[in-house]
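# Observations on the three-dimensional arrangement
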Amino acid sequence: MTDQIETEPQAAQPADRTPRWYLQGEQTAPVMVLSGIWKARAGNIPVFPKDGLKKAPGAHLSFQTSDLQVWDTGLVAFLWDLKRVAHDAGVSLDMRTLPGPMRQLLELLPEVPDEPVHHKTARTSFLETVGNHAVASMTEVGVVSELGALTAKGAVLTLLGRSRMRMVDLLANTADAGPYALLIVGIVNFLIGAILAFVGAVELQKFAAGIYVASLVGIAMVREMAAVMTAIIMAGRTGGAYAARISTMQGNEEIDALNVFGIPTSTYLILPAVLSLIITMPFLYLYGCLIGMLGGFVVAISMLDITAAGYFHQTITAFHIGQFIFGFTKSLVFGAFIGLTSCRIGLKAGRSAADVGIAATRAVVVGIVGVIAIDAIFAVIADVLGI
Amino acid sequence: MPDQTVLSLRDVTLSFGPKVIQKNISLDVRKGSIFAVMGGSGCGKSTLLKSMIGLLRPSAGEYHVGDENYWAGSEAHRTDLNHRFGVLFQSGALWSSMTVGENIALPLQMFTDLKPDVIRRLVELKLGFVGMLQAIDLYPSEISGGMRKRAGLARALALDPDILFFDEPSAGLDPITSARLDDLILNLRDGLGATIVIVSHELPSLFHIADDGIFLDARTKTPIAHGSPRSLRDNCTDPQVHAFMHRERDEEGNT
């Protein structure tokens, strides 16, 4: 019986629900007998072994499905295994012996499946990674500077009336970055002023110098806190929104449409965004200063034995106009920085839903870290200049 | 039972707030048929499909899936019924953060207890049906629009649904790919024994595959014809349906 194919022990009773298969008949004309219930969801679909068919070029395999009870794509998965093994073994399948639907599904499936395309994950050395990152970040600085220059050029052209920035966009952006931000900027700066006053009052009271709480709050708000806190809020609120909006436009091919029309993204998208932040940030800074001092005032009056007039007088004598200009300048730079980087991150983003999230997150992180880093640079400059 | 009704709508009105999209829709979808929802742009074809897959509750009327009243039951009941549905959205609607393979595996992971290797095998099978096996590890952003559609079809088949809904399956595809998709749909219908509801205005494909249908009118906001696209083309006397089926300009010029 050498030319007889071994058959599996046969135990298929009519009531047997498990999917079973066995081969019978001669090697040149084997018959695949299928029985039982073949449901993919049951999770018990057998795999046809890779060596299940001996090499027998020209052999002809037919099917016997009379004992088959219920089947779905699970059976087709098994038959696909068989189809591939049969192809390798040079055995042809007699598709006519399969029921019509099964045959139609099986015919859709390739005998030799295409190899899945894999992502090439080339391993890079540590040094190479560092180098790549360094080059990438230098490039990024260059790109952002170029974008800034283009935007500035767009602004000049707009002023000369030779380029078109839509005033509607500027107004909408300004409203969003200005009036609508007042509440959150107010709350945060009020609390910062109050916290400063509180911390100062506890210590200064020991030296009976409670009145200097006014100077502490005034100088801290004007020089640092109002500008930095406002910028951080705007980075989270407006910068994230810009990045998300522009990356969504990227996904909808809106940016491509602008490019095809020759409408420069720098004037149409970035200029209103940056300009609105440059316009609103100084106002928000002044507003933040005042509200912060008010916060300090409320805490100082309620905790310490000082008069309102005394606090007011101490505040206005505490700092000179140079410190105001210093904070004011910083807020302008922060505004431009947040506007430019968030637009750049939006433009650079990919086109999927996940990329929008990544762009928004990155804009906020870069905005906050960048604002604090720029503030540190300003501190060094101020120290050198003696402001 | 060749004439068993799988889906039936009775006097359904669809509206967004006060704005009525379509009213008095009644239709029966027979088991194993390919049912076409036809009509000009903006007539509410996609809205009807949305309602049939449970995304929009009709403001009036009844919707039966098999013997069950779809909107009468609880949300959980609707979710169970939805597992009989497979939906191919207009642009594929693949989840962009996952590879094509993961997209198809997700419903299997969520709603079955199958082991990962079994799931992988089924995912390969579904991708094999649509001829996309090579893209199993690619992200949706890395494949073309036509491939995305086929991958969306594979995902619609993930849970072996017996009712498939296709929203504009051949829109944006070249004629050859579109014809191949038609054959694929026919093969899947015959092979899986599924019932298919298809929203389309791709006439050649409608004539080729659909064997029943409904024609929605944007002006009167009601269905104006029932029947297979072929019989509507040959027999329907309504001027608007006639114009649609023969690609003529509407004489009144206000569609």
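Each chain has its residues counted from 1, running along the sequence as written. Think of it this way: whatever chain is written first is A, whatever ligand is written first is 1, and the rest follow in order. Owing to the predicted nature of the model, reporting of local features is limited to residues with pLDDT of at least 70; listing and counting of side-chain atom pairs is limited to 80 or more, with chain, interface and lining totals taken over all residues.

### A look at the UniProt feature "domain: ABC transporter" (unreviewed entry) in chain B
Put simply, the rule is: UniProt positions are given in the numbering used here, feature names are shortened, and annotations may be inferred rather than shown by experiment. A run of H or I in DSSP becomes a helix once it reaches four residues, and a run of E becomes a strand once it reaches two; helices and strands are each numbered from the N terminus.
Residues annotated by UniProt as "domain: ABC transporter" (unreviewed entry) correspond here to residues 7–243 of chain B. Spanning residues 7–243 of chain B, this segment combines 38% helix with 25% strand, and its end C-alpha atoms are found 29 Å apart.

### What to know about the UniProt feature "transmembrane region" (unreviewed entry) in chain A
Residues and elements named next belong to chain A. As annotated by UniProt and renumbered to match this structure, "transmembrane region" (unreviewed entry) occupies residues 180–199, 211–236, 257–279, 285–312, 324–347 and 359–385. A distance of 29 Å separates the end C-alpha atoms of residues 257–279, which is 87% helix and 0% strand. The distance from the first to the last C-alpha atom of residues 359–385 is 37 Å, and the span holds 100% helix and 0% strand.

### Let's talk about the sheet that holds strand E2 (residues 31–38) of chain A
Residues and elements named next belong to chain A. What counts here: At least two DSSP bridges between two strands are needed for those strands to be called paired.
Sheet architecture is open: four strands sit in the order E1-E2-E3-E4, paired in mixed fashion. Strands at the two margins of the open sheet, each flanked by one partner only, are strand E1 (20–24) and strand E4 (92–93). With five bridges connecting them, E1 and E2 associate as antiparallel partners. Looking at the pairing, Tyr22 lines up with Val33 of E2.

### A short note on the nonpolar core
The cut-off we apply is this: By our criterion, buried Ala, Val, Leu, Ile, Met, Phe, Trp, Tyr and Cys residues that link up through C-beta atoms within 7 Å make up a nonpolar core. Here exposure depends only on C-beta density: within 10 Å of a residue's C-beta, 20 or more other C-beta atoms make it buried, 12 or fewer make it exposed, and intermediate numbers make it partly exposed, the C-beta atoms being placed from the backbone. By the criterion used throughout, residues are in contact when their C-beta atoms, derived from the backbone, lie within 7 Å.
In this structure, Val37, Met132, Ala154, Ile196, Val197 and Ile198 of chain B are the most contacted members of the largest nonpolar core, which totals 100 residues. Looking at which element gives the most residues to this core, the answer is helix H1 (residues 73–89) of chain A, with eight residues. Other than its neighbours up to four places away in sequence, Met132 of chain B contacts Val100, Leu127, Met147, Arg150, Ala151 and Ala154 of chain B. Ranked by size, the runner-up nonpolar core spans 63 residues in total, among them Ala220, Val222, Leu277 and Val364 of chain A.

### With respect to the packing of helix H5 (residues 182–204) of chain A against helix H8 (residues 265–303) of chain A
All names here are of chain A. The condition that has to hold: To obtain an axis, a line is fitted to C-alpha atoms, over the contacting stretch when the element is a helix, and the angle between two such axes runs from 0 to 180 degrees between their N-to-C directions. Any angle between 65 and 115 degrees counts as roughly perpendicular, while under 35 counts as roughly parallel, over 145 as roughly antiparallel, and the rest as oblique. Definitions for this section: a left-handed crossing has its near helix turned counterclockwise from the far helix by less than a right angle. A right-handed crossing has that turn clockwise. Just so you know the grouping, Ala, Val, Leu, Ile, Met, Phe, Trp, Tyr, Cys and Pro go in nonpolar, Asp, Glu, Lys and Arg go in charged, and all remaining residues, Gly too, go in polar.
Between H5 and H8, whose axes approach to 7 Å, the crossing angle comes to 40°. In this view, H5 runs oblique relative to H8, as classed from their interaxial angle. The handedness of the crossing between H5 and H8 comes out as right-handed. Classifying every residue of the contact of H5 with H8 gives 19 nonpolar, seven polar and no charged.

### A short note on the sheet that holds strand E10 (residues 223–226) of chain B
Residues and elements named next belong to chain B. Spatially, six strands are ordered E6-E7-E8-E3-E9-E10 in an open sheet, and the strand pairing comes out mixed. A single partner strand is all that each edge strand has here, and the edge strands are strand E6 (85–88) and E10. Each adjacent strand pair in this sheet contributes to an overall mean axis angle of 15°, direction not counted. Sheet topology places strand E7 (residues 163–167) next to strand E8 (residues 195–199); five bridges connect them, and they run parallel. The residue of E8 that forms the bridge with Phe166 is Ile198.

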